[in-house]
Amino acid sequence: MASEVNDSAPATLEELFRLIAERAEAMPKRLRQCADFIAQYPDRVAVSTVAELAAAAEVQPSAMMRFCQELGFTGFTQLQRLFREEYARNWPDYATRLSNLRELGAESPAAMLAEFVEAGRASLEKLMSTVSPEMMENAVEVLARAPMIHVVGFRRAFPVACYFDYAFEKMRVPSFLHTGVGKLNTAHALREGEAVLAITFAPYSAETVAFAESAGKEGLSVVAITDSLSSPLQRLDAIPLLVSEIDVGAFRALSATFALAIALAVAVGSRRENG
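Since the structure is predicted, the reported quantities are computational estimates derived from the model, not experimental observations. (Residues numbered from 1 in each chain as written. Predicted model: local features only at pLDDT ≥ 70, side-chain atom pairs only at ≥ 80, totals over all residues. Heavy atoms only, no water.)

Visitor: Explain the overall build of the protein to me, and be specific about the residues and the numbers.
Guide: Looking only at helices and strands, one finds twelve helices and seven strands in the protein. Residues classed as buried in the protein amount to 45% of the 275 residues present. As displayed, the protein offers around 13900 Å² of accessible surface, 53% of which is attributable to carbon and sulfur atoms. (Helix = DSSP H or I, 4+ residues; strand = E, 2+ residues; numbered from the N terminus. Buried < 20%, exposed > 50% of the residue type's maximum accessible area, 1.4 Å probe, protein only. Areas by Shrake-Rupley, 256 points an atom, 1.4 Å probe, with all protein chains shown as cover.)

Structure, rendered in structure tokens:
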């Protein structure tokens, strides 16, 4: 029965996405479509029926069911449970987030500031263990030698993308900020030998992932600033720089992310200047 639990199935989203990354290339075309869609739109898995999800992925519901079984699940319900648990835990609406703040006792502006300062401090300390020195070096090398850096990041990542474009401009590093203004597709600006700096955090921006995928297919190097090994950017053979922000009542700041952005931008500018 679909409601039964298969203990051999992935127990967390991180395990699931790792398994998808390992098996996706060997899957039949329709199952690979399921894998690609779920990786790009994880929040839709939590709130859709199998029929709705299959239609969005442009496959038959039977293909979606086979995909679930291929990964060790008894059916769609067991797979969906992972996404619902993550969705409920990490992405409450803003009314719930404000309620969470009140429960923390952070009702006064001063108390709220103290909470976010402490969360920022903890996030900064954690950054030193999540960013691999080897990946940081690889990212700097790739971006420093690129004739043009294409920067893309939407929603919460947009301020970070804007900062990169500002910093690169001040250091005379050629860059192109892709904003999505007017729903214009700017992927045509990509040229051979250039690099993409893609920034996205859960729930991952489909636009950012699609742009990075397009760049990868054109043979461009991709540097990804993201928050987890389960990020869909991990499937693109990108250079990952992982940053995890501690939340306050389900509100997440960008303290560690901006620290990483400043360090990366300055390192790239310095490497280019020194040849």
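Visitor: Describe the environment of Met-135, naming the residues involved and giving the relevant values.
Guide: By secondary structure assignment, the location of Met-135 is in helix 9 (residues 133-145). For the pair Met-135 and Ile-239, spaced 104 residues apart in the sequence, the C-alpha separation amounts to 6.3 Å. Once residues within four sequence positions are removed from consideration, Met-135 is found in contact with Ile-239, Pro-240 and Leu-241. (Contact = heavy atoms within 4.5 Å.)

Visitor: Can you break down the sheet that holds strand 1 (residues 149-153) residue by residue, with the values?
Guide: Either a parallel or an antiparallel arrangement is found when strands of a sheet pair, and the pairing is made through backbone hydrogen bonds. Spatially, 2-1-3-4-5 is the arrangement adopted by the five strands of the open sheet, whose pairing is parallel. Edge positions in the sheet fall to strand 2 (175-178) and strand 5 (239-242), since each of these pairs with one other strand and no more. If you compare each strand with its neighbour and ignore which way they point, the axes differ by 20° on average. Relative to strand 3 (residues 195-199), strand 1 is paired through five bridges, and the arrangement is parallel. When the sheet's bridge partners are listed, Gly-153 is paired in strand 3 with Ile-199. (Pairing = 2+ DSSP bridges. Axes fitted to C-alpha atoms, helices over the stretch in contact; angles between N-to-C directions.)

Visitor: Can you lay out helix 8 (residues 109-130) for me, pointing to particular residues and giving the numbers?
Guide: Between its terminal C-alpha atoms helix 8 stretches 31 Å, which fits the 32 Å expected from 22 residues at 1.5 Å a residue. Considered for burial, the residues of helix 8 that qualify are Ala-119, Gly-120, Ser-123 and Leu-127. For helix 8, the angular spread of buried residues about the axis comes to 105°, placing them on one side. Exposed and facing more than 90 degrees away from the buried side of helix 8 are Ala-110, Glu-125, Met-128 and Ser-129. Turning to helix 8, the residues buried within the fold contact strand 5, strand 6 (247-248) and helix 12 (255-274). (Expected span 1.5 Å × (residues − 1). Arc of directions from axis to C-beta.)

Visitor: Run through a nonpolar patch on the surface, naming residues and quoting values.
Guide: Residues Met-171, Ile-262 and Val-266 make up a contiguous nonpolar surface patch of roughly 230 Å² in combined accessible area. Take Met-171: it is sitting in the loop between helix 10 (158-170) and strand 2. With a relative accessible area of 30%, Met-171 lands in the partly exposed category. (Patch = residues over 30% accessible without salt bridge, like charges linked within 9 Å, V, L, I, M, F, W, Y side chains within 5 Å. Salt bridge = Lys/Arg side-chain N within 4 Å of Asp/Glu carboxyl O.)

Visitor: Go over the packing of helix 4 (residues 50-57) against helix 5 (residues 61-70) with me, naming the residues and quoting the values.
Guide: One can describe the packing of helix 4 onto helix 5 by two numbers: an axis separation of 8 Å at closest approach and a directional angle of 100°. By the angle class used here, helix 4 and helix 5 are roughly perpendicular. Residue-level contacts link Val-50, Ala-51, Leu-53, Ala-54 and Ala-57 of helix 4 to Pro-61, Met-64 and Met-65 of helix 5. When grouped by side-chain class, the residues that make up the contact of helix 4 with helix 5 number eight nonpolar, no polar and no charged. (Parallel < 35°, antiparallel > 145°, perpendicular 65-115°, else oblique. Nonpolar A, V, L, I, M, F, W, Y, C, P; charged D, E, K, R; others polar.)

Visitor: I'd love a proper account of helix 5, names of residues and values included.
Guide: Taken residue by residue, helix 5 has Ala-63, Met-64, Phe-67 and Cys-68 as its buried positions. Axial view of helix 5: buried residues confined to an arc of 145°, hence all on one face. Directly beyond the C-terminal end of helix 5, a positive phi value near 100° is found at Gly-72.

Visitor: Could you give an account of the environment of Val-152, with specific residues and numbers?
Guide: Within the secondary structure, Val-152 sits in strand 1. By relative accessible area, Val-152 is classed as buried at 1%. Expressed as a C-alpha distance, the spacing of Val-152 and Leu-197, which sit 45 residues apart in the sequence, is 6.3 Å. In this view, Val-152 contacts Ala-161, His-178, Val-196, Leu-197, Ala-198, Ile-199, Thr-208 and Phe-211; residues no more than four positions away in its chain are not counted.

Visitor: Which residues make up the pairing of strand 5, and what values do they have?
Guide: Because side chains alternate across strand 5, one face comprises the buried residues Ile-239 and Leu-241, and the other comprises Pro-240 and Leu-242, equally buried. Pairing between strand 4 (residues 221-226) and strand 5: four bridges, direction parallel. Across the sheet, the residue bridging to Ile-225 is Leu-241, located in strand 5.

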